[in-house]
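Examination of the molecular architecture
Chain by chain, the residues run as shown.
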Amino acid sequence: MGELKSSVRRNHRKTSDITKLLQDTSLSERPVEPSFQKVDRGQLSVWRGALPSSNLVLFTPAIPSTSDIDPFEPLGRALSAYHGQVRHVPYLPTRGMTTTHSTFCSVAGSIVIVACQIIEGYGPISSASLRGQQHVVRDIRDVALANQIPIVLIEIGAVDCGHLFSTVIQCG
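Since we're looking at a predicted model, the values are computed, not measured. (Residues numbered from 1 in each chain as written. Predicted model: local features only at pLDDT ≥ 70, side-chain atom pairs only at ≥ 80, totals over all residues. Heavy atoms only, no water.)

A short note on the pattern of salt bridges
Counted by the stated rule, this structure contains 2 salt bridges. In this structure, the salt-bridge partner of aspartate 142 is arginine 141, at a minimum N-O distance of 2.6 Å. The exposure class assigned to aspartate 142 is partly exposed, which follows from its relative accessible area of 38%. (Salt bridge = Lys/Arg side-chain N within 4 Å of Asp/Glu carboxyl O. Buried < 20%, exposed > 50% of the residue type's maximum accessible area, 1.4 Å probe, protein only.)

Next comes the structure, spelled out in structure tokens:
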């Protein structure tokens, strides 16, 4: 019984850590509490039962940053607390989905894709960049659906891709 309580406490701590991380990653001056906008419970149960040896692929937009690390690297590290095989693969909104992204999709057991509205201080707000992200998100979603790979979208800001997914986390 004590082991169960300890496990629950540990999992709660990790969940609150990821919530804090998503707040910090929102790239806005006033972060908003992350929340599920849509939840596919069947898909989440597949996630919970995912084999530790399967790859969880995290696709994030490449965003100019004032620091030496990718702004989404901490998210990848936090996800690795839950899953031992996280592969963080940035994408360039201007280049779209490449063969590298297709290769990572083909070996994915599950996918998390991030799309965000670029905020001042991290790069210019560009409608072309946002359209590029939307295009990459759709392409990766199509590959995931065709291969029956569970996929979750994390939207940061006003990205307008949530209608394409059955599980969406909204931040900022």
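Concerning the confidence of the model for the protein
Per-residue confidence for the protein gives a mean pLDDT of 75; residues scoring 70 or more make up 68%. Within the protein, the lowest mean pLDDT, 44, falls on helix H1 (residues 2-24), and the highest, 92, falls on strand E3 (residues 86-91). Low pLDDT, under 50, characterises residues 1-15; the stretch is placed with 4 contacts to residues that sit more than four places away or in other chains. (pLDDT = per-residue confidence, 0-100. Helix = DSSP H or I, 4+ residues; strand = E, 2+ residues; numbered from the N terminus. Contact = heavy atoms within 4.5 Å.)

Re the environment of arginine 141
Within the fold, arginine 141 resides in helix H5 (residues 127-146). Assessed through its relative accessible area of 15%, arginine 141 is described here as buried. A C-alpha to C-alpha distance of 10.0 Å links arginine 141 and valine 112, two positions 29 residues apart in sequence. Other than its neighbours up to four places away in sequence, arginine 141 contacts Ile151, Leu164 and Phe165.

So, the environment of threonine 167
Position of threonine 167 relative to the elements: it lies in the loop between strand E5 (151-156) and strand E6 (168-171). Note on threonine 167: relative accessible area 0%, which makes it buried. Each C-alpha atom, one on threonine 167 and one on glutamine 37, is 7.4 Å from the other, the two residues being 130 residues apart in sequence.

Considerations on H5
An ideal rise of 1.5 Å per residue puts 28 Å on 20 residues; H5 measures up with 29 Å between its terminal C-alpha atoms. Contact partners of the buried residues in H5: strand E2 (55-61), E3, helix H4 (99-106), strand E4 (108-116) and E5. (Expected span 1.5 Å × (residues − 1).)

So, unusual backbone geometry
Backbone geometry places glutamine 148, a non-glycine residue, at a positive phi of 55°. By the secondary structure assignment, glutamine 148 is in the loop between H5 and E5. Accessibility expressed as a relative area gives 74% for glutamine 148, which makes it exposed. For aspartate 160, which is not a glycine, the phi torsion comes out positive at approximately 65°. Along the chain, the position of aspartate 160 falls in the loop between E5 and E6.

Some thoughts on the pairing of E5
Along any regular strand, the residues point their side chains to alternate faces of the sheet. In terms of burial, E5 is largely enclosed, as 6 of its 6 residues are buried. Burial along E5 is two-sided: Ile151, Leu153 and Glu155 facing one way and Val152, Ile154 and Ile156 facing the other are all buried. As defined by bridge partners, E4 adjoins E5 across 6 bridges and the pair is classed as parallel. Following the sheet pairing, isoleucine 113 is matched in E5 by leucine 153. Where E5 lies against E6, 4 bridges are found, and the strand directions are parallel. Each residue of the ladder has a partner; that of glutamate 155, found in E6, is glutamine 170. (Pairing = 2+ DSSP bridges.)

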